[in-house]
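The residues making up each chain are set out below.
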Amino acid sequence: MVPLSLQHLLVAYSGMATMPLLVGVALKLPDDRVRLLISANLLVSGLATLLQTLGFKWFGARLPIVMGATFTAITPAVLIGQEHGLAAVFGATIVAGLVTVAVAPWFGRILHLFPPLVTGSVIAVIGFSLVPSAAGLVTGSGQGGSGVQRLGLAAVTVVLVVLVERLAPPAVARFSVLVAMAAGTLLAVPLGLFDGSAVGAAKALSLPDPTAFGAPTFVVTAIVAMLVVQVVNMVESVGDTLAVGQIVGRGDDPETVVRALRADGAATVVSGGLSSFPIVTFGQSVGLLSVTRVMSRHVVALSGGLMVLLAFVPALGAAVAAVPGPVLGAVSLVTFGTVGAVGLRILSRADLADGRNLLTAALAFGLGMIPVGAPDFYAPLPASLRTVLDSGIAATGIVAFTLNLLFHHTRRIRHTHLFGRGKEQS
């Protein structure tokens, strides 16, 4: 279980560290405060993963789902932090979590409005929109090694994943990502791409300090912005939960989705109280499940326990962070691509011969991928709109959900469609 759990931890760690790091740097926080944000995020992510995988009464999907702070909250958190301080960010996070717990049953009742056409589109865009971040880890602007060396190391790591998956016995193939990461890290040493100095400099033991940024404050404008982020998170969580349910063959029902959303909300409340950010399901774990075919929720629960341990032992966190960017980027490329492929597999269950469904998928993908290829596309719009539209995931969910309602849940007359002829229905 330990190496299987370690795979989930290693794949998700960069995301868990990156979100608080970017917010801390943008707000020009001292290094010690940035480290506190990272430790708090690891602690909350671990606790949330334990709650989601093991479950407690009405909370937790009891599925192999890794949890972590959402990237959707980066821009709002920075803007709120600059205007009102981080205490307002954490206060808004607490309110967003409470609202999520309250509306989770309502989301469960409208789950029939999220057919494969909607969830498949959202999950596919979740995976494919993360690919550029994997590429960023590989190229690593300002980091050591030449561009050719970094690209070569990443290519070798991807090839190792493929070879282990193809040639190794099943008992070893399930560790393909971990084996490739270990081998890639060893290859990075003679290339000068491995830096383990931070491990020796890190403290052996450190306690997260939720009081370092002051007590949470509650600012109306900050709460409104974070609630918008949380709606996006809920759509993403529904998609990821249904995707995991499809992979493991259970848990893709309304009751499980409601329990998952309640766990998201409860974890987000705790996160705000411990000086961290809104918590959401991590798409990386969805891809890793498909690659390893290990469906045990207890394996992922152990990875949650390891996250909690990392929060208190900075030296271990530094060791995980020492995995070279090209290696981590390569395996992230595999897992993110797998998430996208899972989304396409779910989308294939929709009748794309129906022109209405084809148009829905086309617009959902097209608008969802705009922020990936053109990050400043929505720059002229007000910040309130950019909070939603700058997230390709949010745009995809809104478009797919709205068009599915329009085409399949409203009364209409038979007519010829742009991409083909549909059937009459009400």
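Please read all numbers here as calculations on a predicted model, not as lab measurements.

Caption draft 1: Spotlight on the overall build of the chain. Looking only at helices and strands, one finds 18 helices and four strands in the chain. What you see for the chain is a C-alpha radius of gyration of 21 Å, in line with the 22 Å of a compact globule of 426 residues. By its C-alpha atoms, the chain is 70 × 55 × 45 Å across when sized along the principal axes. Residues classed as buried in the chain amount to 52% of the 426 residues present. Within the chain, contacts between residues separated by at least 24 positions form 83% of all contacts whose residues are at least 6 apart in sequence. Taking the average location of the 24 positive side-chain charges in the chain and that of its 17 negative ones, the two points are 7 Å from each other.

Caption draft 2: Structural detail: helix α8 (residues 176-188). The end-to-end C-alpha separation of α8 is 18 Å, in line with the 18 Å expected for 13 residues at 1.5 Å each. Turning to α8, its buried residues number three or more, namely Ser176, Val177, Leu178, Ala180, Met181, Gly184, Thr185 and Ala188.

Caption draft 3: How the structure looks around the pattern of salt bridges. On inspection of all chains with the given rule, the structure shows one salt bridge. Of the charged contacts in the structure, one is a salt bridge between Asp354 and Arg356, with a shortest N-O distance of 2.2 Å. For the residue pair Asp354 and Arg356, the accessibility class agrees, reading buried in each case.

Caption draft 4: Geometry of the environment of Leu187. By secondary structure assignment, the location of Leu187 is in helix α8. Taking the relative accessible area as the measure of exposure, Leu187 reaches 40% and is therefore partly exposed. Placed 30 residues apart in sequence, Leu187 and Thr157 show a C-alpha to C-alpha distance of 9.5 Å. Setting aside residues up to four positions removed in sequence, Leu187 forms contacts with Leu153 and Val156.

Caption draft 5: Quick look at the packing of helix α2 (residues 31-54) against helix α13 (residues 297-312). Where α2 meets α13, the axes come as close as 7 Å, and the angle between the chain directions of the two elements is 160°. Put simply, α2 runs roughly antiparallel to α13. The handedness of the crossing between α2 and α13 is left-handed. Only Arg297, His298, Val300, Ala301, Ser303, Gly304, Gly305, Met307, Val308, Leu310, Ala311 and Phe312 of α13 make contact with α2, whose side of the interface consists of Ser39, Leu42, Leu43, Ser45, Gly46, Leu47, Thr49, Leu50, Thr53 and Leu54. The residue makeup of the contact of α2 with α13, split by class, is twelve nonpolar, nine polar and one charged.

Caption draft 6: Inspection of the packing of helix α4 (residues 86-109) against helix α11 (residues 254-273) at higher detail. Closest axis-to-axis distance for the α4/α11 pair is 7 Å, and the angle between their directions is 170°. Looking at the two axes, α4 sits roughly antiparallel to α11. Between α4 and α11, the residues in contact are Phe90, Thr93, Ile94, Gly97, Leu98, Thr100, Val101, Ala104, Pro105, Phe107 and Gly108 and Pro254, Val258, Leu261, Arg262, Gly265, Ala266, Thr268, Val269, Gly272 and Gly273, respectively. Residue composition of the contact of α4 with α11, grouped by class: twelve nonpolar, eight polar and one charged.

Caption draft 7: The arrangement of the nonpolar core in detail. Ranked by size, the top nonpolar core spans 46 residues in total, and within it Val23, Leu86, Val89, Met226 and Phe277 carry the most contacts. Ranked by the residues each element gives to this core, the list is headed by helix α10 (residues 220-248), at nine residues. When near neighbours in sequence (up to four residues on either side) are disregarded, Met226 contacts Ala73, Ile80, Val89, Ala92, Thr93, Ala96 and Pro278. Among the nonpolar cores identified, the runner-up in size contains 33 residues, and Leu10, Met16, Leu153 and Met181 belong to it.

Caption draft 8: Inspection of helix α6 (residues 147-167) at higher detail. Look at α6: 30 Å from first C-alpha to last across 21 residues, which is about the 30 Å you get at 1.5 Å a residue. Within α6 the residues assigned to the buried category are Arg150, Leu153, Ala154, Thr157, Val161 and Val164. Down the axis of α6, the buried side of the element spans an arc of 100°, and every buried residue falls inside it. Those residues of α6 that are exposed and aimed more than 90 degrees away from the buried face are Val148, Leu151, Arg166 and Leu167. In this fold, the buried residues of α6 make contact with α5 (116-139), α7 (170-173), α8 and α15 (325-347).

Caption draft 9: Representation of the environment of Val219 within the structure. Looking at where Val219 falls in the secondary structure, it is placed in the loop between α9 (197-201) and α10. The sequence separation of Val219 and Asn357 amounts to 138 residues, and the corresponding C-alpha distance is 42 Å. For Val219, the contacting residues outside a window of four places in its chain are His84 and Ala88.

Caption draft 10: Here's a closer look at the environment of Leu29. You can see Leu29 is positioned in the loop between α1 (2-26) and α2. For Leu29, a relative accessible area of 22% puts it in the partly exposed group. It is 35 Å that separates the C-alpha atoms of Leu29 and Pro64, two residues lying 35 residues apart in sequence.

Caption draft 11: Geometry of the side chain of His408. On the secondary structure map, His408 appears in helix α18 (residues 392-408). A polar contact of 2.6 Å, which involves the side chain of His408, links it to the side chain of Asn357.

Caption draft 12: Just the packing of aromatic side chains, in detail. Under the definition given, this model contains three aromatic pairs. Here Phe90 and Phe277 contribute two aromatic rings whose centre-to-centre distance is 5.9 Å and whose plane-to-plane angle is 55°, an arrangement assigned as tilted. Of this pair, Phe90 sits in helix α4 while Phe277 is found in the loop between α11 and β2 (279-281), placing the two residues 187 residues apart along the sequence. Using a relative accessible area of 1% as the deciding quantity, one classes Phe90 as buried. Classification of Phe277 as buried rests on a relative accessible area of 0%. When the centroid spacing of 5.0 Å and the interplanar angle of 90° are considered together, the rings of Phe377 and Tyr378 count as edge-to-face.

Caption draft 13: Structural context of the side chain of Asp354. Turning to its location among the elements, Asp354 is positioned in the loop between α15 and α16 (355-373). By relative accessible area, Asp354 is classed as buried at 9%. A polar atom in the side chain of Asp354 sits 2.2 Å from the side chain of Arg356.

Rules used throughout
- Residues numbered from 1 in each chain as written.
- Predicted model: local features only at pLDDT ≥ 70, side-chain atom pairs only at ≥ 80, totals over all residues.
- Heavy atoms only, no water.
- Helix = DSSP H or I, 4+ residues; strand = E, 2+ residues; numbered from the N terminus.
- Rg over C-alpha atoms; globule rule 2.2 N^0.38 Å.
- Buried < 20%, exposed > 50% of the residue type's maximum accessible area, 1.4 Å probe, protein only.
- Contact = heavy atoms within 4.5 Å.
- Lys, Arg positive; Asp, Glu negative; His and termini not counted.
- Charge placed at Lys NZ, Arg CZ, Asp CG, Glu CD.
- Expected span 1.5 Å × (residues − 1).
- Salt bridge = Lys/Arg side-chain N within 4 Å of Asp/Glu carboxyl O.
- Axes fitted to C-alpha atoms, helices over the stretch in contact; angles between N-to-C directions.
- Parallel < 35°, antiparallel > 145°, perpendicular 65-115°, else oblique.
- Left-handed = near helix turned anticlockwise from the far one by under 90°.
- Nonpolar A, V, L, I, M, F, W, Y, C, P; charged D, E, K, R; others polar.
- Core = buried A, V, L, I, M, F, W, Y, C linked by side-chain atoms within 4.5 Å.
- Arc of directions from axis to C-beta.
- Polar contact = N/O pair within 3.5 Å; in protein donor to acceptor, adjacent residues only side chain to side chain.
- Phe/Tyr/Trp six-rings, centres within 6.5 Å; stacked < 30°, edge-to-face > 60°.

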